[in-house]
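Given next are the chains, with one letter for each unit.
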Amino acid sequence: MRVIGLDLGKRRSGIAVSDELGVLAHPHSTVDDPDHLLEAIRSLAQAMGAELVVVGLPIGAGGGDTDQTQWVRERAAEIEARLGLRVVLWDERVTTKEAERRLSEVGRGFRTTRYLAEVAAAAIILQSYLDATREGGRSGRPT
């Protein structure tokens, strides 16, 4: 089964997709207009036959909720209610920094790195989920 991964942002959101076996996550695209995000997810889910969306949940450094955490929970609930897709919230702590680090290691400049960070973060979130669920559990990062 294919799965969609999201790194939600108020200005730009990153989207990743899994392979057909649900083993590998691949960066897919960004949506720069929040008003078009639901339609982008709907179209992608229909085209891929995806029934599950993994949404990165920003957790505070101490493990608690932040203003951003609540905002993402609300958007995830909206995706589930309006699109009829199952949504799993997944701890995304440090994924954006990890994405930026990986992009800089392959020689991407700061401006390009900032643009690609969301889609790379979505792939890291989705891969973390796929790895944890494939290992027979949800080890360590579910929310």
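Please read these numbers as outputs of a predicted model, since none were measured by experiment. (Residues numbered from 1 in each chain as written. Predicted model: local features only at pLDDT ≥ 70, side-chain atom pairs only at ≥ 80, totals over all residues. Heavy atoms only, no water.)

K.L.:
Describe the overall build of the chain, naming the residues involved and giving the relevant values.
P.N.:
When its secondary structure is counted, the chain shows 4 helices and 5 strands. Counted from the first residue to the last, the chain has its helices and strands arranged as β-β-β-α-β-α-β-α-α. Out of the 143 residues in the chain, the part that is buried amounts to 46%. Looking at the chain alone, contacts between residues at least 24 apart form 63% of all its contacts between residues at least 6 apart. (Helix = DSSP H or I, 4+ residues; strand = E, 2+ residues; numbered from the N terminus. Buried < 20%, exposed > 50% of the residue type's maximum accessible area, 1.4 Å probe, protein only. Contact = heavy atoms within 4.5 Å.)

K.L.:
Go over the nonpolar core, please, and point to the residues and values.
P.N.:
Ranked by internal contacts, the top residues of the largest apolar core, which has 25 residues, are I4, L6, I41, V53 and V55. If you list the elements that add at least two residues to this core, you get β1 (3-7), β2 (13-18), α1 (37-48), β4 (52-57), α2 (67-83) and β5 (86-91). Broken down by element, this core gets its largest block of residues, 6 residues, from α1. Excluding residues within four positions of it along the chain, L6 makes contact with G14, I15, I41, V53, V54, V55, G56, I79, A122 and I125. One finds L52, V54, A123 and L126 within the second-largest nonpolar core, a separate group that totals 14 residues. (Core = buried A, V, L, I, M, F, W, Y, C linked by side-chain atoms within 4.5 Å.)

K.L.:
An account of the packing of aromatic side chains is needed here, citing residue identities and associated values.
P.N.:
Taken as a whole and judged by the stated rule, the model has 1 aromatic pair. Relative to Y129, the ring of W90 lies with its centre 5.2 Å away and its plane at 90 degrees, an arrangement referred to as edge-to-face. Remark: Y129 occurs in helix α4 (residues 110-134) and W90 occurs in strand β5; sequence separation between them is 39 residues. Each member of the pair, W90 together with Y129, is buried. (Phe/Tyr/Trp six-rings, centres within 6.5 Å; stacked < 30°, edge-to-face > 60°.)

K.L.:
An account of the packing of α1 against α2 is needed here, citing residue identities and associated values.
P.N.:
Two elements in contact, α1 and α2, have axes whose closest approach is 11 Å; the angle formed by their N-to-C orientations is 55 degrees. Comparing the axis directions of α1 and α2 gives the class oblique. As for how α1 packs across α2, the hand of that crossing is right-handed. In this structure, α1 uses L38, I41 and R42 to contact α2, whose residues at the interface are E78, I79, R82 and L83. (Axes fitted to C-alpha atoms, helices over the stretch in contact; angles between N-to-C directions. Parallel < 35°, antiparallel > 145°, perpendicular 65-115°, else oblique. Left-handed = near helix turned anticlockwise from the far one by under 90°.)

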